[in-house]
Amino acid sequence: MDKSVRAIDECLSVRGGRLFIEDCDTVGLAERFGTPVFVISEDQLRRNMRRYLKAFSDRWREGEVNILPAIKANWLLALRRILTQEGAGCDVYSAGELHSALQSGIDPRLVSVNGGGKSREHLTNCIRAGVRITVDDIDELELIEHAARDAGGKASIRLRLRPDFPNLWQPTGFANELVPIDIGFQVYKNGIPTEHVVSMGRKALASEHIDLVGVHIHLGRHHYSLTVWEELIRRYVELITELKTQWGGWEPSEIDIGGGIPSPRDPFGKIIGSTADNLLFAGLFAGMYALKALGEKRRYEIISRLMGLILGRKGKKARIPSIEEYAERITATLKREMSRCGLNERGVRLQIEPGRSMYGNTGIHLSRVLKTKYQTRPIAWNWVLLDTTYFFMAGGVFENNLHPFIVANRADEKPCKLADIVGRSCYADRMIPEVRIPDVKAGDIFAVLETGAYQEVSASNFNAMPRPATVLVTGDQAEIIKRAETQEEVFARDIVPERLLKDGGKPAAQSV
Ligand SMILES: Cc1ncc(COP(=O)(O)O)c(C=O)c1O
């Protein structure tokens, strides 16, 4: 590689002080397509999919491996086409997501329709389309039987299980509070409680309209540690073995482990900080109170210095295992535990549903700096106001994401101050709080990284802001795959009743 090129990862690099995605200059993209804008690398999406397939297929030789990326992470039609071309299946949660998957020409046997509260109409459509139904509710079997009769076909189903994990006391990433994985898993709504699954399985096996082909679990984003993943798989296999005994020797031909594998630079849950950070903040709080004795001026001076030291060091610095390391631990544990429990692994299809680790690092969000603002008293602080908002990345707000970022036109400049990167909604809109930045000016281009999963699909219109476009890049080519919303479209679903339009909208005196 050219010496003037500094690689950041597979799709991002710095060339001549500017951030590139593949061979596209991001500053050029911002100028050509306007800001804010989501940018996705087609090449990275293809690389991620190929890497997943290879990592698991190399290590699971007992049967086929299917990668079923979770479409909820990004359902843009163009992206789904790319994944279908690469041989991916799909995890879908709703009728809308099913539509996106099917229109891409996907093999329906590789579609897992998940989710609670499925309607009879939705189930009938699933059976007609020939997709797998992953059963979540206690009464769903009955509905499926009716739907299979309506559709004149047989339903291929899997049961979504809910093992317990008494050995997993590590804090779960699913909760803001300190909650062990065991409890976090139990209170999460999805899946069939074990007390009901035994009778449901018997019914499914007895039904002429249903083919029970496998089992499902969503291991989820509780923890990145391979030791945790090993225990998750171990207990899953134990529950399958228990069900085998209850169901007269039935064994799954499909084992789906769901998603939850993090992406290498995963922003998920980072804003909460580590336990050490939380203790530090508790100490700072107590210290601030104690400093009252010194008088306001002195107290603020000390707090300013402490903030410089303590803030800006947020984010857990854990090393995320690679896809290959996950594949190794998951497949090795499955083989070992299945053999220990007397389950037959020969011919078993292994299915994985990556969401953020498939899409996350394919995307960046570009926005322009509108203003910078600072104060020196009573405490020193800086704000960088962007022309975007965290409402366009609502998924990240829900997930306490701390996104990495690069100032695209100052990518080689050293950070020199601490600032809050804020969005333009009327909320505090602290998109990236308390971070060290270079000497940023109005007009600079900010690239928020790791926005390929759960961000664009969760954008909302708060403050009546039209949602941004998405651009797809491959090599040095770039094109729009979702246009920006117009201001008119923000109000397109509004209906003002006729009576409010009369008399210039003034209320009639007698009706008030
Ligand atoms: C059933 C199922 N599969 C896969 C995923 C993807 O999870 P992740 O993005 O953590 O990989 C989810 C996410 O919620 C899910 O509910």
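Only a predicted model underlies this, so the values are computations on that prediction, with no experimental measurement involved.

Caption draft 1: Representation of the overall build of the protein chain. Along its length, the protein chain carries 16 helices and 21 strands. Oriented by its inertia axes, the alpha-carbon framework of the protein chain measures out at about 75 × 65 × 55 Å. Counting all 512 residues of the protein chain, 42% fall into the buried class. Within the protein chain, contacts between residues separated by at least 24 positions form 71% of all contacts whose residues are at least 6 apart in sequence.

Caption draft 2: Quick look at the sheet that holds strand β3 (residues 18-21). Pairing within the open sheet is antiparallel, and its 4 strands lie in the order β1-β2-β3-β4. Bordering the open sheet on either side are β1 (5-7) and β4 (24-25), each of which pairs with just one other strand. Sheet topology note: the β1/strand β2 (residues 12-15) ladder contains 3 bridges and is antiparallel. When the bridges of β2 are listed, arginine 6 appears paired with valine 14.

Caption draft 3: Here's a closer look at the site of the ligand. Close contacts around the ligand come from 15 residues, with Ala70, His218, Gly259, Glu353 and Gly355 the closest. Across the shell around the ligand, the residue classes break down as 4 nonpolar, 7 polar and 4 charged.

Caption draft 4: Representation of the sheet that holds strand β11 (residues 210-216) within the structure. One open sheet holds the 8 strands; their spatial order is β6-β13-β12-β11-β10-β9-β8-β7, and the pairing between them is parallel. Strand pairing shows two members of the sheet lacking a second neighbour, β6 (65-67) and β7 (90-92), which therefore form its edges. On average, adjacent strands in this sheet sit at an angle of 30° to one another, irrespective of strand direction. Pairing geometry for strand β12 (residues 254-256) and strand β13 (residues 349-352), over 3 bridges, is parallel. Each bridged residue has a counterpart across the sheet, and for glutamate 254 the counterpart in β13 is arginine 349. Together, β6 and β13 form the strand contacts of helix α2 (residues 42-59), whose direction differs from that of β6 by roughly 155°.

Caption draft 5: Layout of helix α5 (residues 120-129). All buried positions along α5 are accounted for by Leu123, Thr124, Asn125, Cys126 and Ile127. Packed against the buried residues of α5 are β8 (111-113), β9 (132-135), α6 (140-151) and β10 (155-160). Phi for glycine 130, located one or two positions after α5, is positive at around 80°.

Caption draft 6: Just the domain arrangement of the protein chain, in detail. Taken domain by domain, the protein chain comprises domain 1 (5-41 + 361-490), domain 2 (42-268 + 318-357) and domain 3 (274-310). The C-alpha-based centres of domain 1 and domain 2 are spaced at 33 Å. Taken together, the contact between domain 1 and domain 2 spans 27 residues of the former and 20 residues of the latter. Contributing elements (two or more residues each) for the side of domain 1 that touches domain 2: β5 (37-41), β20 (469-474) and β21 (477-482). When residues of the side of domain 1 that touches domain 2 are assigned to their parent elements, the largest contribution, 4 residues, is made by β20. Here the side of domain 1 that touches domain 2 is built from residues that sort into 11 nonpolar, 10 polar and 6 charged.

Caption draft 7: A look at the packing of α2 against helix α3 (residues 77-85). Their axes nearest at 10 Å, the elements α2 and α3 cross at an angle of 40°. In terms of their interaxial angle, α2 and α3 are classed as oblique. In this structure, α2 crosses over α3, and the sense of that crossing is right-handed. Contacts from Glu42, Leu45, Arg46 and Met49 of α2 reach α3 at Leu79, Ile82 and Leu83. For the contact of α2 with α3, the class distribution of residues is 5 nonpolar, no polar and 2 charged.

Caption draft 8: Fine view of the environment of valine 435. Assignment of secondary structure puts valine 435 in strand β18 (residues 430-437). The class of valine 435 is buried, set by 22 C-beta atoms lying within 10 Å. Distance from valine 435 to glycine 63, taken between C-alpha atoms, is 47 Å for residues 372 residues apart in sequence.

Caption draft 9: Looking closely at the packing of helix α9 (residues 226-246) against helix α12 (residues 323-341). At a closest axis distance of 9 Å, the pairing of α9 and α12 adopts a crossing angle of 30°. Considering the angle they form, α9 stands roughly parallel to α12. Helix-helix and strand crossings are classified by hand; for α9 and α12 the assignment is right-handed. Across from Leu226, Trp229, Glu230, Ile233, Arg234, Val237, Glu238 and Thr241 in α9, the residues of α12 making contact are Glu325, Tyr326, Arg329, Ile330, Thr333, Leu334, Glu337, Met338 and Cys341. Each residue belonging to the contact of α9 with α12 can be placed in one class, and the counts come to 9 nonpolar, 2 polar and 6 charged.

What counts as what
- Residues numbered from 1 in each chain as written.
- Predicted model: local features only at pLDDT ≥ 70, side-chain atom pairs only at ≥ 80, totals over all residues.
- Helix = DSSP H or I, 4+ residues; strand = E, 2+ residues; numbered from the N terminus.
- Buried ≥ 20, exposed ≤ 12 C-beta atoms within 10 Å, placed from the backbone.
- Contact = placed C-beta atoms within 7 Å.
- Pairing = 2+ DSSP bridges.
- Near = placed C-beta within 6 Å.
- Nonpolar A, V, L, I, M, F, W, Y, C, P; charged D, E, K, R; others polar.
- Axes fitted to C-alpha atoms, helices over the stretch in contact; angles between N-to-C directions.
- Domains from an automatic or database assignment.
- Parallel < 35°, antiparallel > 145°, perpendicular 65-115°, else oblique.
- Left-handed = near helix turned anticlockwise from the far one by under 90°.

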